[in-house]
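If you want the building blocks of each chain, they are given just below.
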Amino acid sequence: MPEIVVEASRAMALGVKLCKPKVIPMYPITPQTHIVEALAEMINNGELQAEMIHVESEHSACSALLGAQAAGVRTFSATSSQGLALMYEILPIISGNRMPCVMAVANRALSAPISIWNDHSDAVSARDQGWIQLWVESTQEAIDTTIQLYKICEDHSVLLPGMLCLDGFTLSHVYERAIVPEQEQVDAFLPEYKPYIKLDPEKPITMGPIAFPNSFMEFKKMQHEAMLQALKVIKNVHDEFAKQFGRAYGDGLLELYRMEDAEYALMGMGTLVGTARVVVDKLREEGQKVGLIKLRSLRPFPKGELINATKNLQGLTVIDRHISLGYEGPLFSDVRSALFESDIRINNFIAGLGGRDITQKHLRKALLSLKERREGGWLL
Amino acid sequence: MIRGLPEEEFFASGHRACAGCGAAIAMRHITKAAGRNTIVVQATGCMEVVSTPYPETAWRLPYIHGAFENTAAIASGIERALKTLGKKYNILVLGGDGATFDIGFGALSGAIERGHNFLYVCNDNGAYMNTGIQRSGATPKYAHTTTSPAGRVIPGKLEWKKPLPFIIASHRAPYVATASISEIPDLYSKIKKGLEIEGPCYVQVFSPCVPGWGIDSAKSVEVARLAVETRICPLYEIEGGILKITKDIKEPKPVEEYLKAQARFKHLSETQIKEIQAFVDGEWTRIKELEEKKCRFY
């Protein structure tokens, strides 16, 4: 397995290439573009046997994704911010048709004011549309999770689309060391794509029918059950990957850092977790019993795992890189709802919107806030 | 059953369209022309709603409905996927005039520019009928719709119809044609041609909507025929950028005959009818000139 120094976007593309998607509809938007540019190079140099469709909008990118997957092939696309917002209409159509499409979202703030920089408002705003959302912290995790995500989504007990969420710029444009698996290893892990259903004149079926009130809810209930089933599949696929490739990320749903005897902990997603690790280490050196919970799977949400991970805590501080305007951080809402029967104190900080740096100082202040009986708020 | 057409039906009876629905007549014969080796992509609209009430379907062909404005993009994905699988099927893309002229125009334009191999068929009844007869870019001037009502101050729609076949032809589409449900053999052969010719082809089918136009359900074919005979709906094809009229109307009936047959035009004044007649005459002259001078769309 070669270890290289690589930009996360290119690493993502290398991960995608190993999964052999056949159709890649794409539309450019910063900071996602390096991913599809790398894929375009691979296709045009004959290293990847796939068709790139240079669609005229993200709406069409998402629609072509649906068409190609429905015709019976593995697909990939990538987007960010306004691009994901433009795809929004098609997201529930892909999940409702149970098409296991995989898409990378290089997370970026939503306009206005326009900002090309990172926060989580794009993907978090789309979390209720029936896509599995796995959030990654590092380049290596981006490669590994891409490979896992295809296997998770295509599992016939799941059959849901998946978003691989990586922080725009703070991850997508960062160069790190990473191990790129060999093709044979990935082939042994991820089998050839076998569609559960497809558009085939030999066996005509109708996809995307109209459902009247007497059947619509059953469709949604089945999707929800598949999402809950995905909790198990994410774990199993992660464990299988860990065994075969020797790299693990917690249990696949949550990754716990120095939580053994922790009294207070931080929780968040994406690259801010990397900074938080340093903060936890420093506070530990000072004798503070603190830890860190990284959320990998925002949907499905690992409620049971979170209850277990937090049962000995006195306080949990949730960092949201997005705000549900008029209420609070959406991750905080999820966490508080999951833990409402426990007596842990929980608070919330909004941080890093529109690319604002999240510094060690910020996270130290946040992590000690409950111990020092301070309220949550904005890390400006 | 029209003599000479295949007996096999791919758009099954029992669908929920209105009696006399022009679009249902179009679907039936378009799918006959396409045949078994076809994948259908359909936009949201009446035809999708009446033909796919879960768990029933009128489609005896593989069929996908995604959304309103994205059929051309879905078809693009299907076409490229089939290419990687080494399979070749007809890809038949169906949308109404709202889906085609308005909301899906960007996706259609992009797909034609990219040169995907499919046939896009627009069922043109000149309004958003599924949502209750609202004005579209294909609505004819002065027509009453529920969003361009014939009021005391504003007499229906104020603009002419978008010249979509010419716009598509200018994209270098290899084959563009207009057809009518009153001329089934002509429609049938144009669909066949559009599927045979490599690349993105476009056929626009003129088809009356019984409630939308305010006509008797027994008269939809008759009214469609009047549109052809009055030159309201000129029938032509543009192959390789060259236009050819496929049904010459040497002695046209006055447009008044067509307009008077429909409730959506019942408020029209003499002056407005004259204005429409002058416009139709002008358009016919222009199309004739394009044909005679062998003007190239590209």
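Worth saying up front: this structure is predicted, and the values here are computed from it rather than measured.

Visitor: Let's hear about the overall build of chain A: which residues, and what values?
Guide: Within chain A, the regular secondary structure consists of 13 helices and 16 strands. Scaling as 2.2 N^0.38, a compact globule of 380 residues should have a C-alpha radius of gyration of about 21 Å, and chain A matches this with 20 Å. Of the contacts formed within chain A by residues at least 6 apart in sequence, a portion of 80% connects residues at least 24 apart.

Visitor: Could you give an account of the packing of helix α3 (residues 71-85) of chain B against helix α5 (residues 105-114) of chain B, with specific residues and numbers?
Guide: Residues and elements named next belong to chain B. Between α3 and α5, the least distance of the axes is 7 Å, while the angle of their chain directions is 35 degrees. Along the contact surface, α3 presents Ala72, Ala73, Ala75 and Ser76, while α5 presents Ala107, Leu108, Ala111 and Arg114. Residues that form the contact of α3 with α5 fall into these classes: six nonpolar, one polar and one charged.

Visitor: An account of the sheet that holds strand β5 (residues 102-107) of chain A is needed here, citing residue identities and associated values.
Guide: All names here are of chain A. One open sheet holds the five strands; their spatial order is β4-β5-β7-β6-β13, and the pairing between them is mixed. A strand with exactly one partner marks an edge of an open sheet, and here the two such strands are β4 (76-79) and β13 (297-299). Neighbour-to-neighbour, the strand axes of this sheet turn through a mean angle of 25 degrees, independent of strand direction. Sheet analysis places β4 next to β5, joined by four bridges and oriented parallel.

Visitor: Just give me the short version of unusual backbone geometry, but keep the residues and values in it.
Guide: Residues and elements named next belong to chain A. The amide bond that connects Ser111 to the next residue, Ala112, takes the cis arrangement and shows omega of 10 degrees. Looking at the secondary structure, you find Ala112 in the loop between β5 and α6 (121-125). Cis geometry marks the peptide bond from Ala112 to Pro113, where omega comes out at -5 degrees. Its identity is not glycine, yet Ser81 carries a phi of approximately 45 degrees, on the positive side. Inspection of the secondary structure puts Ser81 in helix α4 (residues 81-87). A tally of 29 C-beta atoms within 10 Å means that Ser81 is categorised as buried. Unusually for a residue other than glycine, Arg98 sits at a positive phi of about 60 degrees. Take Arg98: it is sitting in the loop between α5 (91-96) and β5.

Visitor: Talk me through the sheet that holds strand β3 (residues 90-96) of chain B; I want residue IDs and the actual numbers.
Guide: Reading across the sheet, the nine strands line up as β9(A)-β2(B)-β1(B)-β3(B)-β4(B)-β6(B)-β5(B)-β7(B)-β8(B) and stay open at both edges, with mixed pairing between neighbours. In this open sheet, the two edge strands, each paired with only one partner strand, are β9 (206-207) of chain A together with β8 (242-245) of chain B. As paired elements, strand β7 (residues 236-239) of chain B and β8(B) share four bridges and run antiparallel to each other. What sits directly across from Glu239(B), in β8(B), is Ile242(B).

Visitor: How would you explain helix α13 (residues 360-369) of chain A if you had to name every residue and give the values?
Guide: If you check which residues of α13(A) are buried, you get His362(A), Leu363(A), Arg364(A), Ala366(A), Leu367(A) and Ser369(A). In this structure, the buried residues of α13(A) make contact with β11 (264-268), α10 (272-285), β12 (290-295), β14 (315-320), β15 (345-351) and β16 (377-379) of chain A.

Visitor: How would you summarise the nonpolar core if you had to cite specific residues and measurements?
Guide: Core analysis: the largest hydrophobic core is formed by 216 residues, its most contacted members being Ile78(B), Val93(B) and Val121(B). Looking at this core element by element, the count peaks at eight residues for helix α1 (residues 22-34) of chain B. Structurally, this core is a two-domain feature, drawing no fewer than three residues from each of domain 1 (3-245) and domain 2 (254-379) of chain A. Not counting residues up to four positions away in its chain, the partners in contact with Val121(B) are Ile30(B), Leu92(B), Val93(B), Leu94(B), Ile191(B), Val203(B) and Val205(B).

Visitor: How would you sum up the domain arrangement of chain A? Please name residues and give values.
Guide: Residues and elements named next belong to chain A. When cut into domains, chain A gives domain 1 (3-245) and domain 2 (254-379). Computed over C-alpha atoms, the centres of domain 1 and domain 2 are 27 Å apart. The interface is formed by 26 residues belonging to domain 1 together with 20 residues belonging to domain 2. Secondary structure elements with two or more residues in the side of domain 1 that touches domain 2: α6, β6 (132-135) and α9 (216-245). The element contributing the most residues to the side of domain 1 that touches domain 2 is α9, with five residues. Of the residues assigned to the side of domain 1 that touches domain 2, the class counts are 14 nonpolar, eight polar and four charged.

Visitor: Before we move on, could you go through α5(B) and cite the residues and values that matter?
Guide: Structurally, the α-helix is built with 3.6 residues per turn, so residues lying three or four positions apart point the same way. Residues of α5(B) that are buried: Ala107(B), Leu108(B), Gly110(B), Ala111(B) and Ile112(B). Looking at the buried side of α5(B), the elements it contacts are α3 (58-70) of chain A together with α3, α4 (97-103), β4 (119-124) and α6 (164-169) of chain B. Positive phi shows up at Gly115(B), right after α5(B), with a value of about 80 degrees.

Visitor: Can you lay out the pairing of β11(A) for me, pointing to particular residues and giving the numbers?
Guide: All names here are of chain A. Across the five residues that make up β11, a large majority, five, are buried. The alternating pattern of β11 places Tyr264, Leu266 and Gly268 and Ala265 and Met267 on opposite faces, both of which are buried. Alignment of β11 against β12, held across five bridges, turns out to be parallel. Within the sheet, the bridge partner assigned to Ala265 lies in β12 and is Gly291. Remark: the β11/α10/β12 crossover connection has right-handed handedness. Direction of pairing for β11 relative to β14: parallel, over a ladder of four bridges. When the sheet's bridge partners are listed, Met267 is paired in β14 with Val318.

Visitor: Account for the pairing of β7(B), naming residues and giving values.
Guide: All names here are of chain B. The sheet contact formed by strand β5 (residues 175-180) and β7 spans three bridges and is antiparallel. Residue pairing for β7: Tyr175 is matched across the bridge by Glu239. Counting the residues between successive antiparallel strands, the hairpin from β7 to β8 contains two residues, one of them, Gly240, with a positive phi of roughly 60 degrees.

Visitor: Can you explain the interface of chain B and chain A? Please cite residues and give values.
Guide: Facing 37 residues of chain B, the contacting portion of chain A comprises 37 residues. Among the secondary structure elements, those contributing two or more residues to the side of chain B that touches chain A are β1 (38-42), α2 (46-51), β2 (63-65), α3 and α5 of chain B. Counting residues per element, the side of chain B that touches chain A draws most heavily on α3(B), which supplies twelve residues. Residues belonging to the side of chain B that touches chain A are distributed by class as follows: 19 nonpolar, twelve polar and six charged. In the sheet, β9(A) pairs with β2(B) via two bridges, with the strands oriented parallel. Across the sheet, the residue bridging to Thr206(A) is Tyr63(B), located in β2(B).

Visitor: Describe the packing of helix α1 (residues 8-19) of chain A against helix α7 (residues 139-154) of chain A, listing the residues and the values that go with them.
Guide: Residue and element names in this part refer to chain A. At a minimum axis separation of 8 Å, α1 and α7 run at an interaxial angle of 25 degrees. Here α7 runs roughly parallel to α1, going by the angle between their axes. Crossing of α1 over α7 shows right-handed handedness. Contacts between α1 and α7 involve Ala8, Ala11, Met12, Leu14, Gly15, Val16, Leu18 and Cys19 from the first element and Thr139, Ala142, Ile143, Thr146, Ile147 and Tyr150 from the second.

Cut-offs and rules
Residues numbered from 1 in each chain as written. Chains lettered and ligands numbered in written order. Predicted model: local features only at pLDDT ≥ 70, side-chain atom pairs only at ≥ 80, totals over all residues. Helix = DSSP H or I, 4+ residues; strand = E, 2+ residues; numbered from the N terminus. Rg over C-alpha atoms; globule rule 2.2 N^0.38 Å. Contact = placed C-beta atoms within 7 Å. Axes fitted to C-alpha atoms, helices over the stretch in contact; angles between N-to-C directions. Nonpolar A, V, L, I, M, F, W, Y, C, P; charged D, E, K, R; others polar. Pairing = 2+ DSSP bridges. Buried ≥ 20, exposed ≤ 12 C-beta atoms within 10 Å, placed from the backbone. Core = buried A, V, L, I, M, F, W, Y, C linked by C-beta atoms within 7 Å. Domains from an automatic or database assignment. Right-handed = clockwise from strand over helix to strand, strands pointing away. Parallel < 35°, antiparallel > 145°, perpendicular 65-115°, else oblique. Left-handed = near helix turned anticlockwise from the far one by under 90°.

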